[in-house]
Amino acid sequence: MKPGKIFILGLGLLVLYVLVINLLRPSAETLYTSLGILLAGTAVLRAFTLPERKRPVLAPLLASMIPVMFIWAFNPGQTNPRLAFYTLLVVVAGVILVHGLMWFIFRKSDRAILATAVVALTFFTYGHAFEFLWQHKVVWTQWKLNLLLGVGYGGLSVAFLAWMLRTKRNLLPALMLVLTISAFMVVFSAFKMTSHDTSATSVKRDRTGSTTISEAAGVFPAGEPIEAILEDRADMPDIYYIIPDAYVGETILRDIFSHENKPFLDWLRSKGFYIADRSTSNYPMTFLSLASSLNMVYLDDVMKEAGQMGTSRNLIAHVTANNWVGRHLRSKGYRYTQIMTMANATSTSAITDMEFAYVPYWRRNQFNNVFMQTTVLRSLVPSVSGSHIYSFDTLERVAEIDGPTFLLAHFILPHPPYVFDRNGEVMNNIPLSLHWDRAERSKLGNGYLDQLIYFNTRIKQSIEGILTKSKVPPIIIIQADHGWVNSGRPDVPVSDEVAWTPHIKERFSILNAYLVPPKIRERLYPSITPVNTFRIVLSELFDEDLPLLPDENYFCPEEKQPYNVTNVTHIAQER
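A brief look at the structure comes next.

Observations concerning the overall build of the protein
From N to C terminus, the protein includes 23 helices and nine strands. Here the protein, with 575 residues, has 54% of them falling under the buried criterion. When contacts within the protein are restricted to residue pairs at least 6 apart in sequence, long-range pairs at least 24 apart make up 73% of them. For the protein, the accessible surface area stands at approximately 25,200 Å², while carbon and sulfur atoms represent 61% of it.

Laid out in structure tokens, this is it:
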């Protein structure tokens, strides 16, 4: 069979496969994943059905697809397929443009192809080289390292291109080797992508919020579409829902971290806050915890559905973005506002009236940031410290908005990456590996406590500003999504309660503080968990009947299996 017919037959089978996947698992995520597979598969098919001498033309293209597809394939639960596909398209278009420029320079196909490969290699390895050299302290300032790499990469590239202009050697064998290896890695990534079921609903702007966890669980009926009441409810308090990520409770801070947090808690009490000093989180991971608290339910039913899709977090992200609390407050005349973060759980929303964003979505999305961090574009990755400072500054601005406003403010503090010392000085010269590698964190000193102390200082300033500017006494809830672990993770089954007890206690203990009107304060209690927070607040604020749920804790012993949970209430709340 002629190569052209093989290509048409292979492409037809690939299109048929993609159609079947979308019929079996219809969703936007499946569509974009299958489009990525189709694009990669077409490139591989074409590479091996072209005449032998022309095949290497696709070597740089396939090689450039690998970084995007690897991140996509190995982070299925935290990747937005639509954004990943667009990134892949941009990479393909960029390689085509570079190849055209190189052909114009060299006027020879093999030289142009190899030159394109050199440009791609430089582009996609720059970030890796930077991290490696920075971690080994080749130089002590980032601008000097960028200068060193720029000169090094530029000199090697120019020397290589000059050699290609003079050499008479046949370069096709080298190009075929690059093509073969690249094709294998692209096919491997595509196969890995097809093994993940991504059938979930995209996060779209949907003011009706037609599907939420609460409705899926049968707790609240869908009812009529929810729209904000336009009248000015000037008598209603602004509501600030502030989530400091991984802020552990007072007892654990004192007993495990050797830090006395009483001065900060006493300051909060002096401002009228109620401290739920025995509070625990319902779940040990941010995306589960916020989905639960913002929908006021446990996630049993929706987790069964999500669990059928492997590790994908897209369904949970959808119901968080369309959360019941926000939609209900909008129906009562509140404006729903949110500070957008670089964490997937709070990087976007479907129901906001007003968004505060340090950078546009394409720059704060984790997929793009991980990708850009490995390339020449690493300087475009937003400043983590800058985003934190922006969030603190934004808190006071909400008090200046006319009418009642609900603000969702998720702070990725004191959780790593560690970018502040306890005085608020920005620590720029720290390799990323030290932020995330548990074994390496000790080299930073106690970065967690430093950031916790900094958070305390800044949130006090913000609270003072909010109280000064608010026309109506506001409701302020400072509630961590989960705790933080200093004792390590036992390598034993979760049924071994003795081994797991320290880990679970640290992971579920949280800061939980409420500045609320007296009638709400009367219903609060020391062991309240986040699932009941808005059941109490909304019941009293709008005279509604939202009965409390049992305060329970659900633990996933394997972070890569977030829906395989175990009830550990008897451990987490044991005194």
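There is more to say after this.
Description of helix H4 (residues 81-106)
Over its 26 residues, H4 extends 37 Å from the first C-alpha to the last, a length consistent with the 38 Å expected when each residue adds 1.5 Å. For H4, the full list of buried residues reads Pro81, Leu83, Ala84, Phe85, Thr87, Leu88, Val91, Val92, Val95, His99, Met102 and Phe106.

Some thoughts on the nonpolar core
Ranked by internal contacts, the top residues of the largest apolar core, which has 44 residues, are Leu268 and Ile478. Looking at this core, the elements that each hand over two or more residues are strand S1 (239-244), helix H9 (250-255), helix H10 (262-270), helix H17 (384-398), strand S5 (405-411), helix H19 (447-469), strand S6 (475-479) and strand S7 (512-515). Among the elements that make up this core, the one with the highest residue count is H19 (eight residues). If we ignore the near neighbours within four places in the chain, the residues touching Ile478 are Ile242, Pro244, Leu268, Phe273, Ile459, Ile463, Leu511, Asn512 and Ala513. Listed in part, the 35 residues of the second largest apolar core include Leu50, Leu61, Ile66 and Met69.

A few points about a nonpolar patch on the surface
The grouping of Leu9, Leu13, Leu16, Val20 and Leu24 at the surface amounts to a nonpolar patch, some 500 Å² of accessible area in total. Within the element layout of this structure, Leu24 appears in helix H1 (residues 3-24).

As for the pairing of S6
Counted residue by residue, S6 has five buried out of five residues, so it is predominantly covered. Side chains Ile475, Ile477 and Gln479 project from S6 onto one buried face, and the interleaved Ile476 and Ile478 project onto a second face that is buried too. Bridge analysis of S1 against S6 gives four bridges, and the strand direction is parallel. By the bridge assignment for S6, Ile242 is matched with Ile478. Of the strand pairs in this sheet, S6 and S7 are connected by four bridges, and their pairing is antiparallel. Within the sheet, the bridge partner assigned to Ile477 lies in S7 and is Tyr514.

Comments concerning the environment of Met354
Considering the arrangement of structural elements, one finds Met354 in strand S4 (residues 354-357). Met354 sits in the partly exposed class, given a relative accessible area of 32%. With 19 residues separating them along the chain, Met354 and Arg335 place their C-alpha atoms 7.5 Å apart. Contact partners of Met354, with chain neighbours within four places excluded, come to Tyr336, Thr337, Gln338 and Ile401.

What about unusual backbone geometry?
Following Leu413, the chain continues into Pro414 via a peptide bond in cis, with omega recorded as 0°. Locating Pro414 in the fold gives a position in the loop between S5 and helix H18 (432-436). Between Pro416 and Pro417 the backbone carries a cis peptide bond, its omega angle lying at 15°. Residues other than glycine seldom take positive phi values, yet Ala246 does so here, at roughly 70°. For Ala246, a relative accessible area of 0% translates into the label buried. In this model, Asp543 sits at a positive phi of 55°, which is unusual for a non-glycine residue. Within the secondary structure, Asp543 sits in the loop between helix H22 (533-542) and strand S8 (554-555). On the accessibility criterion, Asp543 (74% relative accessible area) is exposed.

Quick look at the environment of Ala115
Position of Ala115 relative to the elements: it lies in helix H5 (residues 109-135). Those residues in contact with Ala115 that sit more than four places away from it in its chain are Met102, Phe106, Leu161 and Met164.

A word on the pattern of salt bridges
Throughout the structure, instances matching the rule amount to twelve salt bridges. Taking the shortest distance from any N to any O, the salt bridge between Lys332 and Glu544 comes out at 3.3 Å. Residue Lys332 is found in the loop between helix H14 (324-331) and strand S3 (335-340), and its partner Glu544 is found in the loop between H22 and S8; the two are separated by 212 residues along the sequence. Ionic pairing is found between Arg422 and Asp450, a salt bridge with its closest N-O pair at 2.8 Å. Taken together, the positions of Arg422 in the loop between S5 and H18 and Asp450 in helix H19 put the pair 28 residues apart, joining distant regions of the chain. Classification of Arg422 by relative accessible area gives partly exposed; the value is 41%. If you follow the salt bridges from partner to partner, you end up with Lys262, Asp266 and Arg269 in one network.

With respect to the side chain of Thr352
With respect to the element layout, Thr352 can be found in the loop between S3 and S4. Among the polar contacts listed, one links the side chain of Thr352 to the side chain of Glu355, at a separation of 2.9 Å.

Considerations on the packing of aromatic side chains
For the structure shown, the criterion picks out 25 aromatic pairs. Summarising the aromatic geometry, the rings of Phe257 and Tyr448 are spaced 5.2 Å apart at their centres and angled 35° between planes, so their arrangement reads as tilted. Within this pair, whereas Phe257 is found in the loop between H9 and H10, its partner Tyr448 is found in helix H19, the two being separated by 191 residues in sequence. Comparing Phe257 with Tyr448, the two get one shared label, buried. Taken together, a centroid distance of 5.8 Å and an interplanar angle of 25° make the contact between Tyr283 and Tyr554 stacked. Of this pair, Tyr283 sits in the loop between strand S2 (274-275) and helix H11 (286-295) while Tyr554 sits in strand S8, and the two are 271 residues apart along the sequence. Members of the aromatic cluster, connected to one another through ring pairs, are Tyr247, Phe392, Phe411, Phe420, Tyr454 and Phe455. Arg46 extends its terminal NZ or CZ atom over the ring of Phe7, reaching a point 5.0 Å from the ring centre. The ring of Phe542 is capped by Lys332, whose NZ or CZ atom sits 5.5 Å from the centre of that ring.

Scoring rules and cut-offs
- Residues numbered from 1 in each chain as written.
- Predicted model: local features only at pLDDT ≥ 70, side-chain atom pairs only at ≥ 80, totals over all residues.
- Heavy atoms only, no water.
- Helix = DSSP H or I, 4+ residues; strand = E, 2+ residues; numbered from the N terminus.
- Buried < 20%, exposed > 50% of the residue type's maximum accessible area, 1.4 Å probe, protein only.
- Contact = heavy atoms within 4.5 Å.
- Areas by Shrake-Rupley, 256 points an atom, 1.4 Å probe, with all protein chains shown as cover.
- Expected span 1.5 Å × (residues − 1).
- Core = buried A, V, L, I, M, F, W, Y, C linked by side-chain atoms within 4.5 Å.
- Patch = residues over 30% accessible without salt bridge, like charges linked within 9 Å, V, L, I, M, F, W, Y side chains within 5 Å.
- Salt bridge = Lys/Arg side-chain N within 4 Å of Asp/Glu carboxyl O.
- Pairing = 2+ DSSP bridges.
- Polar contact = N/O pair within 3.5 Å; in protein donor to acceptor, adjacent residues only side chain to side chain.
- Phe/Tyr/Trp six-rings, centres within 6.5 Å; stacked < 30°, edge-to-face > 60°.
- Lys NZ or Arg CZ within 6 Å of the ring centre and 35° of its normal.

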